[in-house]
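Structure assessment
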Amino acid sequence: MAPAHVPAVAPPSAYEGPRRSLILAGGGMRVAYQAGVVRALLEEGLSFHHADGTSGGTMNLAMLLSGLSPEEMCRRWRTLDVNDFVSLLPLRMYARGPADLPALGGAEGVVKRVFPHLGIDIEQIRAAQGMQGTFNVCNYTRKTNEVIPHENLELPLLLASISLPIFMPPVPHNGCLYMDSVWIRDANLGEAVRRGSDEIWVVWCIGNMGEYLSGAFNQYVHMIELSANGNLFKELDEIATLNRSRHHPIRVHVIHPEYPLPLDPDYYKGHIDGATLVDRGYRDAAAYLANRSRDGAPLGPDATRMRDPLPGITLRASLRGSLGGEACRLDVGVEIDDLDSFLADPAHTARLSGRISSTGVGDQRPATDGRAQFGRRLEVDLGFKLDGGAVRMTGAGNGTWKVGLGTSKGELKLDQLRTALSVHATGVHGLAERLRTLIRFWAFVLRGR
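The model shown is predicted, which means the values in this text are computed figures rather than measured ones.

1. With respect to the packing of helix H3 (residues 70–79) against helix H11 (residues 274–291)
Direction vectors running N to C along H3 and H11 enclose 145°, while the axes themselves pass 7 Å from each other. In this structure, H3 uses Cys74, Trp77 and Arg78 to contact H11, whose residues at the interface are Gly274, Ala275, Val278 and Asp279. A breakdown of the residues in the contact of H3 with H11 according to their chemical character gives four nonpolar, one polar and two charged.

2. Some words on the pairing of strand S1 (residues 20–24)
Burial analysis of S1 places five of its five residues in the buried class, which makes it a mostly covered element. Burial of the side chains of S1 extends over both faces: Arg20, Leu22 and Leu24 are buried on one face and Ser21 and Ile23 on the other. Looking at chain direction, S1 and strand S7 (residues 199–203) are connected through five bridges and run parallel. Bridge assignment links Arg20 to a residue of S7, and that residue is Glu199. Sheet topology note: the S1/strand S2 (residues 50–54) ladder contains four bridges and is parallel. Bridge assignment links Ile23 to a residue of S2, and that residue is Asp52. In this fold, the crossover linking S1 to S2 by way of helix H1 (residues 32–43) has right-handed handedness.

3. As for helix H14 (residues 430–446)
With 17 residues, H14 extends 24 Å between its outermost C-alpha atoms, agreeing within 8% with the 24 Å of an ideal straight helix rising 1.5 Å per residue. On its buried face, H14 is in contact with strand S9 (312–323), strand S10 (326–336), helix H12 (339–344), strand S12 (362–374) and strand S17 (424–426). Positive phi appears at Gly448, one or two residues downstream of H14, with a value of about 80°.

4. Things to note about H1
The first and last C-alpha atoms of H1 sit 18 Å apart over twelve residues, in line with the 16 Å expected at 1.5 Å per residue. A large share of H1 lies buried, amounting to ten of its twelve residues. Within the sequence span of H1, burial applies to Ala32, Tyr33, Gln34, Ala35, Gly36, Val37, Val38, Arg39, Ala40 and Leu41. Where H1 terminates, the next one or two residues include Gly45, which has phi positive at roughly 95°.

5. So, the pattern of salt bridges
Once the charged atoms of two side chains with opposite charge are near each other, the side chains can pair. A full pass over the atoms with the stated rule returns 31 salt bridges. Residue Glu72 is joined to Arg75 by a salt bridge in which the shortest nitrogen-to-oxygen separation is 2.7 Å. On the criterion of helical spacing, the pair formed by Glu72 and Arg75 is a turn pair, its members being three residues apart in helix H3. Taking the relative accessible area as the measure of exposure, Arg75 reaches 33% and is therefore partly exposed. Through salt bridges with shared partners, one network takes in Glu258, Arg280, Arg283, Asp284, Arg307, Glu335, Asp337 and Arg351.

6. Brief notes about the side chain of Thr304
Mapped onto the elements, Thr304 comes out in the loop between H11 and S9. The class of Thr304 is buried, set by a relative accessible area of 0%. A distance of 2.8 Å separates polar atoms of two side chains, one belonging to Thr304 and the other to Asn229. Not counting residues up to four positions away in its chain, the partners in contact with Thr304 are Trp204, Asn208, Asn229, Leu232, Phe233, Val254 and His256.

7. Some remarks on the nonpolar core
Core analysis: the largest hydrophobic core is formed by 65 residues, its most contacted members being Leu22, Leu41, Met59, Trp77, Ile120, Phe135 and Trp201. Take this core: its biggest share by element is seven residues, from H1. By size, the runner-up hydrophobic cluster in this structure holds 35 residues, among which are Leu323, Ile336, Met393 and Phe441.

8. Topic: the packing of aromatic side chains
Enumeration according to the criterion identifies eight aromatic pairs in this entry. Ring geometry for Trp183 and Tyr220: centres 5.7 Å apart, planes at 80°, overall edge-to-face. Taken as a pair, Trp183 in the loop between strand S6 (176–179) and helix H8 (189–194) and Tyr220 in helix H9 (residues 216–243) lie far apart in primary sequence, 37 residues in all. With relative accessibility at 10%, the residue Tyr220 sits in the buried group. Here Trp201 and Tyr288 contribute two aromatic rings whose centre-to-centre distance is 6.1 Å and whose plane-to-plane angle is 80°, an arrangement assigned as edge-to-face.

9. Points about the state of the cysteines
Across all of its chains, the model carries zero disulfides by this definition. For Cys138, which is in no disulfide, the shortest distance to another cysteine sulfur is to Cys176 and amounts to 10 Å.

10. Let's talk about a nonpolar patch on the surface
On the surface, Leu104, Ile166, Phe167 and Phe217 cluster together to form a nonpolar patch covering roughly 340 Å² of accessible area. Within the element layout of this structure, Leu104 appears in the loop between helix H4 (91–94) and helix H5 (108–117).

11. Describing the environment of Ser69
On the secondary structure map, Ser69 appears in the loop between helix H2 (57–65) and H3. Owing to a relative accessible area of 27%, Ser69 belongs among the partly exposed residues under this scheme. For the pair Ser69 and Ala35, spaced 34 residues apart in sequence, the C-alpha to C-alpha distance is 9.8 Å.

12. Digging into the packing of H2 against H3
Working note: a packed helix pair is described by the angle between its axes plus the distance between those axes. Here H2 crosses H3 at 130°, and the two axes come no closer than 10 Å. The orientation of H2 relative to H3 falls into the category oblique. The hand of the H2/H3 crossing is right-handed. The residues of H3 that touch H2, namely those facing Met59, Asn60, Met63 and Leu64, are Met73, Arg76 and Trp77. Here the contact of H2 with H3 is built from residues that sort into five nonpolar, one polar and one charged.

The rules behind the values
Residues numbered from 1 in each chain as written. Predicted model: local features only at pLDDT ≥ 70, side-chain atom pairs only at ≥ 80, totals over all residues. Heavy atoms only, no water. Axes fitted to C-alpha atoms, helices over the stretch in contact; angles between N-to-C directions. Helix = DSSP H or I, 4+ residues; strand = E, 2+ residues; numbered from the N terminus. Contact = heavy atoms within 4.5 Å. Nonpolar A, V, L, I, M, F, W, Y, C, P; charged D, E, K, R; others polar. Buried < 20%, exposed > 50% of the residue type's maximum accessible area, 1.4 Å probe, protein only. Pairing = 2+ DSSP bridges. Right-handed = clockwise from strand over helix to strand, strands pointing away. Expected span 1.5 Å × (residues − 1). Salt bridge = Lys/Arg side-chain N within 4 Å of Asp/Glu carboxyl O. Polar contact = N/O pair within 3.5 Å; in protein donor to acceptor, adjacent residues only side chain to side chain. Core = buried A, V, L, I, M, F, W, Y, C linked by side-chain atoms within 4.5 Å. Phe/Tyr/Trp six-rings, centres within 6.5 Å; stacked < 30°, edge-to-face > 60°. Disulfide = S-S within 2.5 Å. Patch = residues over 30% accessible without salt bridge, like charges linked within 9 Å, V, L, I, M, F, W, Y side chains within 5 Å. Areas by Shrake-Rupley, 256 points an atom, 1.4 Å probe, with all protein chains shown as cover. Parallel < 35°, antiparallel > 145°, perpendicular 65-115°, else oblique. Left-handed = near helix turned anticlockwise from the far one by under 90°.

Next comes the structure, spelled out in structure tokens:
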């Protein structure tokens, strides 16, 4: 039995503020995004009496209750090998043909590689004190969602909570079959209400856009989006009804990306990585916290609404050098959400996420915000939240950048080949549109902007 411990997000012993619940919804491997959000929430001084996880969100809940700090959660998601999620069933099962397969793959990689790398420890989870954790899992035999208190969590139930039909087989446990609850719910705000929460903070990774995509996989994802968002909106409506009879209404805050996050196949193909997802989560949470309404999010379908993707470009850039006489590394993710608008904009502005590692700043400190301007030189402006307050980092250059952070100056060199190989077209349909988008972007770059 593990010794008792208090998770990093639990309230301090003398805390007298509002009771809060943290809701970690699903989203496949994209839930690396949630680690960045949790770090930003903790740095803002928020704490939680209760945290609830569903589907992929249970991995982050398990990490928190295993005793990991949000910084350590971010580090582990950044260094996770995405291929560790993949493991095959016994080969004899594939010989039966697709009609008799229980799933496309097995769970060995998750149990033996992913969970250990993420620092998930069942005994540590059960020993957590100072807050309550709840895990949602579908009892397929009874067609119900079961809420498992963290003190009662067992490895088969945690595994079942991310065992999505088609991709992983159901998990037998105590005479029943268990699987991912996403088809019943992808978040459990009702559990937060039952536990007396005054504020509910939802971290949402599932898409909610108006565009309907072609293809079997995309439409499988759309079914998940319909089920997940539909149940969330039902719960938000129930909270709105409950609030009419309450003197102090329950406030719901929802942090989600502006555009839908890339799907798991893009993660496998290297078009996105865990580090960039973490950085985006931190940036989006910082923006929400800076501009949040006291009343929280709208209690309806707009709570998770995202913008429809347009043909655009993403790329990742890594720079190394010195800052203030100390070794420095800067990693940025560039998002050109609408290539047409980007090309028409005289400043050619793109959004940035990123992180910096340098003595005096910290290791892999994520940026709160950022933008880039593609002129004769690439100019970047990133914000960071340090112990001494908010600071800006500016830089300009092509192969070599002159940078400044506060009063520190330095020079960083861009890994141009790695950056070029990371260029990816987003929001496109079919090979022809993908090629057109890439050609237009590269033509812009090669003619010197």
